[in-house]
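Breakdown of the fold
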Amino acid sequence: MIQNRDILVKVQGVGKKFSKDLKKSLRYGLFDVCKSVVGLGSRERSVLRKDEFWAVRDVSFELRRGEVLGLIGHNGAGKSTLLKMLNGLIRPDEGSITMHGRVGALIELGTGFNPVLTGRENIYVNGQILGFSKKEIDGKLESIIDFSEIREFIDSPVQSYSSGMKVRLGFAVASQMEPDVLILDEVLAVGDIGFRGKCMKVVHEMMNRAAVIFVSHSMPVVNRYCNRAMMLAKGAMMMDTYEVQLAIDKYLSSFEGNNSNIFSSGQVELQKFGFNGIELQTGKGEVPVFDHAEIRINLKSLDERLSKVRIRLNFINKDLLIVASVISEEIAVEQGLINYYFKAGPFNAQPGMYKVSLVVFGESFRDALLIHDSVYNIQVTGEKDYGGHVIILKTEPIS
C-alpha cells in the first residue's frame, strides 16, 4: 500500500443527478444556475425532483502519486460521470473535488479538440489549457507527434480524423505533457492492439510520477496495470481496495445468475449442472490441485426434431483466458432428455477461481443452441503456485 506520497486527488461525498426528461433537465439546469447566481438553493441540490435520479452518490476517496486506480462496474454504474466531474467537464451537485497539479484527460473521442483546427494546432491549444507556455509545447511537440503515429496527417483538420486517429492524438497529448493526474476512459479500446500496448506501457512508466485513473471493462488490463481498484454500482461505491483481484472477483460475481449472459435458441434448456455432487444452484465447487472431478449435465430438449447435440465446456481463469476446454462426442436425445456425465482431471492448474462456460451445439459447431457464459465457478485449492497456465484435462465417461 502506498502511504508516503502526495495526495493529488481528494473526493469527498460527491454526487451528481440527472433528469430522464430532456426538457425538464434544461429547465432544472437553468433554474439551478439562476439560484446559484443569487446564492440560493445549495440545500436543495441534494433533493431529487420529478424524473431525476442519482448517477453518482456519496463517493469519497483520495488518490496519491504513484497509484493507478482501475474504475470498474457495469454499464450505467456512474464511471464516466465520475470521470467527467474529476476533469471539470460537469459540476457535482453535492460534495467536493480537489485536484492538485496538471490534469491530462482522455474521456470521450475528440474531447478538448476543435474539429476545424489541425492536429498540430490542437496540440498547442491543449497544451496551453494544461498551463504550458508556447516554448514548452515547442519542446514537446515532436515527441507528441511521434507517439501519436499520425505525422502524415498532423496538419489536417481533426474533423477528418478517424476515431482511432483521435485516440492516438488525444492520448499522446494527455500523456506526453507529463500531467500529475491522468484520467482515461474506455476510449483506448478503439485503438489497435499495438497502440493499446504502447499506451499501457506509458501508464506503467507514469506510476512513479503521477496518479492515474482509468475506466476499463478488461479485467486482465486492470489486474496487470492497477495497484488499486474501485467498483461502482448504480452510482454508489461498492468497493475500494488495494487488493485488485478482490474487486475483480466481486465484479465478475455480479454477473452470476444474470440472464443477460445466457443465449438460447429455445431448443434446449439447462436443468441441472452438477460438480462432485453439488448442483447448479450452489454455483461453486472445489477441487484440490491435481485431483479429478465428476461433472454431470442434464438438458431438456424443447424441439422434437432435435436428435443429437454436442457439448463444450470452457474453463476460464481470472484473466478471462480459456485455459482448458472439454468437447463431447455426439450425444443422443432420448425421450426429450440430454444427459452428459464425465470425469475430468487432473486439474494441474494454479490455485484460484475458474469460471465455467457451457455451449450446446446442434448438428454442427456453427449451430449454437445454448450459450451460458457463467454456468459455474470452480475453486482449485492448494497452497503452492504450480506455475500451470493451461489445464490439460483428460475425460472419461461415467455412468
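Cut-offs and rules
Residues numbered from 1 in each chain as written. Predicted model: local features only at pLDDT ≥ 70, side-chain atom pairs only at ≥ 80, totals over all residues. Heavy atoms only, no water. Pairing = 2+ DSSP bridges. Helix = DSSP H or I, 4+ residues; strand = E, 2+ residues; numbered from the N terminus. Axes fitted to C-alpha atoms, helices over the stretch in contact; angles between N-to-C directions. Contact = heavy atoms within 4.5 Å. Buried < 20%, exposed > 50% of the residue type's maximum accessible area, 1.4 Å probe, protein only. Core = buried A, V, L, I, M, F, W, Y, C linked by side-chain atoms within 4.5 Å. Parallel < 35°, antiparallel > 145°, perpendicular 65-115°, else oblique. Nonpolar A, V, L, I, M, F, W, Y, C, P; charged D, E, K, R; others polar.

Some details on the pairing of strand β9 (residues 236-241)
- Pairing of strand β8 (residues 228-233) with β9 involves 5 bridges; the strand directions are antiparallel. Bridging from a neighbouring strand, Met230 pairs with Asp240 of β9.
- In this antiparallel pair of consecutive strands, β8 and β9, the connection spans 2 residues, and Lys234 shows a positive phi of 55°.

Structural notes on the sheet that holds β8
- On the basis of which strands lie adjacent, the open sheet formed by 6 strands has the order β5-β6-β7-β3-β8-β9 and mixed pairing. Edge positions in the sheet fall to β5 (103-106) and β9, since each has one partner strand and no second. Across the sheet, the axes of successive neighbouring strands diverge by a mean angle of 15°, strand direction being ignored.
- Sheet topology places strand β6 (residues 181-184) next to strand β7 (residues 211-215); 4 bridges connect them, and they run parallel. Paired with Leu182 across the bridge in β7 is Val212.
- Each of β3 (68-72), β8 and β9 touches helix α8 (residues 244-253); the most contacted strand, β8, lies at about 25° to it.

Some remarks on unusual backbone geometry
- One non-glycine residue, Glu149, lies in the positive phi region at around 60°.
- Mapped onto the elements of the fold, Glu149 is located in the loop between α4 (134-148) and α5 (163-176).
- A relative accessible area of 46% means that Glu149 is categorised as partly exposed.
- Look at Glu178: it is not a glycine, yet its phi comes out positive at around 55°.
- By the element assignment, Glu178 lies in the loop between α5 and β6.

A look at the sheet that holds strand β2 (residues 52-64)
- An order of β2-β1-β4 is seen for the 3 strands of this open sheet, with the pairing classed as antiparallel. Unpaired on one side and paired on the other, β2 and β4 (94-99) mark the two borders of the sheet. When strand polarity is set aside, the average angle formed by the axes of neighbouring strands in this sheet is 20°.

Some thoughts on the nonpolar core
- Ile123, Leu169, Phe171 and Met177 are the most contacted members of the largest nonpolar core, which has 47 residues in total.
- Considering every element that reaches this core, the biggest residue donor is α5, with 7 residues.
- Counting 36 residues, the second-largest nonpolar core is a separate cluster that includes Ala293, Leu299, Val309 and Leu369.

Some remarks on the packing of α5 against helix α6 (residues 193-205)
- Where α5 contacts α6, the two axes come as close as 11 Å, and the packing angle between them is 10°. The pairing of α5 with α6 is recorded here as roughly parallel in orientation. Residues Val167, Arg168, Phe171, Ser175 and Gln176 of α5 form the contact with α6, whose own contacting residues are Phe195, Cys199, Val202 and Val203.
- Class assignment for the residues of the contact of α5 with α6 results in 6 nonpolar, 2 polar and 1 charged.

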